[in-house]
Amino acid sequence: MRKLLVLMAFAVIVVGGLWAATWPKPAVVIDAQAAQRAGDPVHGEYLARAGDCMACHTAKGGEPFAGGVPFPTPLGTVYSSNITSDGTHGIGNWSFEAFVRAMREGVAADGSRLYPAMPYTAYAKVGDDDLKDLYAYFTTRVAPSTQANRKSDIAWPLSVRWPLAFWDKAFHDDTRFVADPSKSVEWNRGAYLVQGLGHCGTCHTPRGAAFQELALTEHGPDYLSGSRLDDTSPINLRGDKGSGLGDWSKQDIVALLKTGRTPHSAVTGPMGEVVENSTQYLADADLHAIAVYLKSFAAARGKNDGTPAYAHDESTVESIRAGQANATGARVYLDSCAACHRQNGEGAPRVFPSLANNPMVLAAHPDSLIAVILNGSRLPSTETAPSRLAMPPFGWRYSDEEVAALATFARSSWGNHAAPVTADAVRDVRAHLATTAAAAASGTQTP
């Protein structure tokens with residue numbers, strides 16, 4: 001029976017492979033004027049910053065854009081590709097048409113399908129002129145690297161990629177960005193950046209059972225409503241108060257993207273890399289356009305039971321001052337957190353982030369909060385805020401039960417109203433952090 005199943009699986013792979021080989025490549029429609037003009041590599045470099053290509057395609061200690069960054073998945077680890085100007089291992093010999101096909105359709109020059117970890121679902125929105133400038137930058141200004149692309153660690157037959165054609169057929173919308181004439185020029189510029197090169201929805205929009213984003217534009221009520229991804233919880237960017245950006249001003253959003261800090265919060269985890277590699281370099285006009293677009297969003301649909309995620313409350317401080325804060329979470333907080341974040345949970349502006357009315361603390365999924373407690377965090381270094389202030393890790397010091405109690409205390413104090421955190425949730429995040437660290441260490445080695 002086992003041999004029969006293996007033969008059947010092999011037959012499916014062979015038939016599918018033959019089908020995939022004859023399946024026509026996605027049509028590439030490019031404006032004739034954009035196709036014929038010479039790209040502007042200087043503007044292309046700016047666009048590469050906007051797309052944060054550096055973060056995904058540059059391994060720690062590796063050559064710029066040479067790939068090899070590990071991305072753990074439930075099936076195994078995949079590695080980003082070399083996108084330097086090298087003609088053998090990079091994209092130096094790709095035609096502009098092949099580059100556009102990869103960016104918009106997720107199909108490489110050799111016809112192989114790209115995993116949707118590459119956000120071609122967002123890059124499909126990018127205009128022809130911008131893609132031409134990006135192409136010029138990567139093929140003429142990025143130094144070539146001879147680093148070979150690393151195969152995924154996904155075992156056969158799950159490593160076979162032709163079934164991704166079905167995924168693309170079901171979930172990929174390759175429609176270009178179309179400006180909304182009822183909105184301002186600034187709003188449309190923000191929408192273009194957020195939906196396209198910024199690919200904000202890739203992390204901040206919840207996904208379905210097939211790992212598809214539940215919405216790709218503001219027309220979907222789930223768009224940018226917060227998600228759970230790789231045991232982090234990218235925040236809700238919609239208009240919810242407390243758990244979203246409802247209490248933020250446009251200038252708060254600009255400040256976060258420019259410096260990684262606001263009076264409400266500070267970036268953690270992968271968002272720190274986004275600020276450090278990408279958004280701090282964007283023009284102020286583009287950052288403000290992004291803020292205008294995000295502030296136009298209504299609150300997320302069905303994210304709570306109607307109870308405000310935050311309503312200022314002095315009872316926590318009064319309990320601490322009265323010596324009555326004796327529960328495990330409160331004791332851990334006073335021992336390890338209060339010196340920086342203060343008894344009132346408000347921290348110090350732009351130095352120690354407030355935990356009260358903080359979207360990361362109040363997120364529907366507490367994974368990012370747990371990760372920060374376990375692994376610590378470090379603010380990004382930017383031109384306008386160069387100091388990399390750090391929070392130490394506490395995973396070594398406290399058990400899963402104690403970390404859960406601390407996270408629950410933070411999510412239910414000073415007026416915060418969010419669901420409690422379980423020890424099982426902490427255990428899951430701790431295990432994932434260990435797996436990610438092991439994959440990162442492996443990714444620095446030559447395959």
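1. Concerning the overall build of the chain
Along the chain, the regular secondary structure elements total 19 helices and four strands. Taking 22 Å as the expected radius of gyration for a compact globule of 447 residues, we find that the chain reaches 23 Å, a close match to that expectation. With the C-alpha coordinates of the chain rotated into their principal frame, the extents come out at 75 × 65 × 40 Å. Counting every position in the chain, which comprises 447 residues, the buried fraction comes to 49%.

2. Focus: the pattern of salt bridges
Taken as a whole and assessed by the stated rule, the structure comprises 15 salt bridges. Of the charged contacts, one joins arginine 228 and aspartate 367 as a salt bridge, the two residues approaching to 2.9 Å between their closest N and O atoms. Of this pair, arginine 228 sits in the loop between helix H10 (201-204) and helix H11 (250-259) while aspartate 367 sits in helix H17 (residues 367-375), and the two are 139 residues apart along the sequence. Given a relative accessible area of 45%, arginine 228 falls into the partly exposed group. Residues participating in the shared-partner salt-bridge network are Asp400, Glu401, Asp424, Arg427 and Arg430.

3. As for empty space enclosed by the protein
On inspection of all chains with the given rule, the structure shows three cavities of 30 Å³ or more. The volume enclosed by the largest cavity comes to roughly 50 Å³. Along the walls of the largest cavity sit Thr121, Ala122, Lys125, Val194, Gln195, His199, Gly201, Thr202, Glu213, Leu216 and Tyr223, which together make up its complete lining.

4. Some points on the nonpolar core
Counting 79 residues, the largest nonpolar core has Leu134 and Phe138 as the members making the most contacts within it. Setting aside residues up to four positions removed in sequence, leucine 134 forms contacts with Gly44, Leu47, Ala48, Phe99, Met103 and Leu197.

5. Details of the packing of helix H9 (residues 185-195) against helix H13 (residues 284-294)
The relative placement of two packed helices is expressed as an angle between their axes plus a distance between the axes. Between H9 and H13, the shortest axis-to-axis distance is 7 Å and the interhelical angle comes to 90°. Relative to H13, the element H9 is oriented roughly perpendicular. Across the interface between the two elements, Glu186, Trp187, Arg189, Gly190, Ala191, Leu193, Val194 and Gln195 from H9 touch Asp286, His288, Ala289, Ile290, Val292 and Tyr293 from H13. Of the residues belonging to the contact of H9 with H13, the class tally is eight nonpolar, three polar and three charged.

6. Overview of the layout of surface pockets
What the second largest pocket holds in volume is close to 1,000 Å³. What lines the second largest pocket is a set of 39 residues, and nearest its centre among them are His57, Ser80, Ser81, Asn82 and Leu114. Per-class residue counts for the lining of the second largest pocket are 22 nonpolar, 12 polar and five charged.

Rules of the game
Residues numbered from 1 in each chain as written. Predicted model: local features only at pLDDT ≥ 70, side-chain atom pairs only at ≥ 80, totals over all residues. Heavy atoms only, no water. Helix = DSSP H or I, 4+ residues; strand = E, 2+ residues; numbered from the N terminus. Rg over C-alpha atoms; globule rule 2.2 N^0.38 Å. Buried < 20%, exposed > 50% of the residue type's maximum accessible area, 1.4 Å probe, protein only. Salt bridge = Lys/Arg side-chain N within 4 Å of Asp/Glu carboxyl O. 1 Å grid on protein atoms, 1.4 Å probe; cavity = no way out; pocket = protein on both sides within 12 Å on 5 of 7 lines; lining within 4 Å. Points joined across faces, edges and corners; volume = space filled by probe spheres on them. Core = buried A, V, L, I, M, F, W, Y, C linked by side-chain atoms within 4.5 Å. Contact = heavy atoms within 4.5 Å. Axes fitted to C-alpha atoms, helices over the stretch in contact; angles between N-to-C directions. Parallel < 35°, antiparallel > 145°, perpendicular 65-115°, else oblique. Nonpolar A, V, L, I, M, F, W, Y, C, P; charged D, E, K, R; others polar.

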